[in-house]
Amino acid sequence: KDVLQYKARFVTQSRGDDASSSYIAADREFNTKEIAKAAMGGYSVLDVPIATPNRFSCVLGPPDGSNLICVDIITIGRKSESLS
């Protein structure tokens, strides 16, 4: 059975104007690139034209050289958990 292994990264984000209030979030751009590289090869991510907290877009080139793939991720809701 094949196993997909990739690196993941999390970053500290501040909540608005209050620099003392922060949270941990997944680094979506880094993690998406790492998953694509693990699944499709090291040179599969050709471009990341948009990377904002609510929208992420990338262009992928399959290893067989077939048609390019455009991936768009739009965030419409977030889940969070408080640590006790």
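Residues numbered from 1 in each chain as written. Predicted model: local features only at pLDDT ≥ 70, side-chain atom pairs only at ≥ 80, totals over all residues. Heavy atoms only, no water.

Draft legend 1. Just the environment of Ser22, in detail. Looking at the secondary structure, you find Ser22 in strand E2 (residues 18-26). Between the C-alpha atom of Ser22 and that of Ser44, which follows or precedes it by 22 residues, the distance is 33 Å. Those residues in contact with Ser22 that lie beyond four places of it in its chain are Thr12, Gln13, Ser14 and Arg15. (Helix = DSSP H or I, 4+ residues; strand = E, 2+ residues; numbered from the N terminus. Contact = heavy atoms within 4.5 Å.)

Draft legend 2. Representation of the nonpolar core. Listed in full, the five residues of the largest apolar core are Ala36, Val48, Phe56, Cys58 and Leu60. Broken down by element, this core gets its largest block of residues, three residues, from strand E4 (residues 55-60). The contacts of Leu60, once residues within four sequence positions are left out, are Ala36, Met40, Ser44, Val45, Leu46, Leu68, Ile69 and Val71. (Core = buried A, V, L, I, M, F, W, Y, C linked by side-chain atoms within 4.5 Å. Buried < 20%, exposed > 50% of the residue type's maximum accessible area, 1.4 Å probe, protein only.)

Draft legend 3. Region of the structure containing the pattern of salt bridges. Inspection of every chain in the model, using the stated rule, returns three salt bridges. In this structure, Asp27 engages Arg9 in a salt bridge whose closest nitrogen and oxygen atoms are separated by 2.9 Å. With Asp27 in the loop between E2 and helix H1 (28-40) and Arg9 in the segment before strand E1 (10-15), this residue pair connects regions lying 18 residues apart in the sequence. In this structure Asp27 comes out as buried when scored by relative accessible area, which is 15%. Among the ionic pairs, Lys37 bridges to Glu34, the shortest N-O distance being 2.9 Å. Linking Lys37 with Glu34, this pair stays in helix H1, spanning three residues, or about one helical turn. (Salt bridge = Lys/Arg side-chain N within 4 Å of Asp/Glu carboxyl O.)

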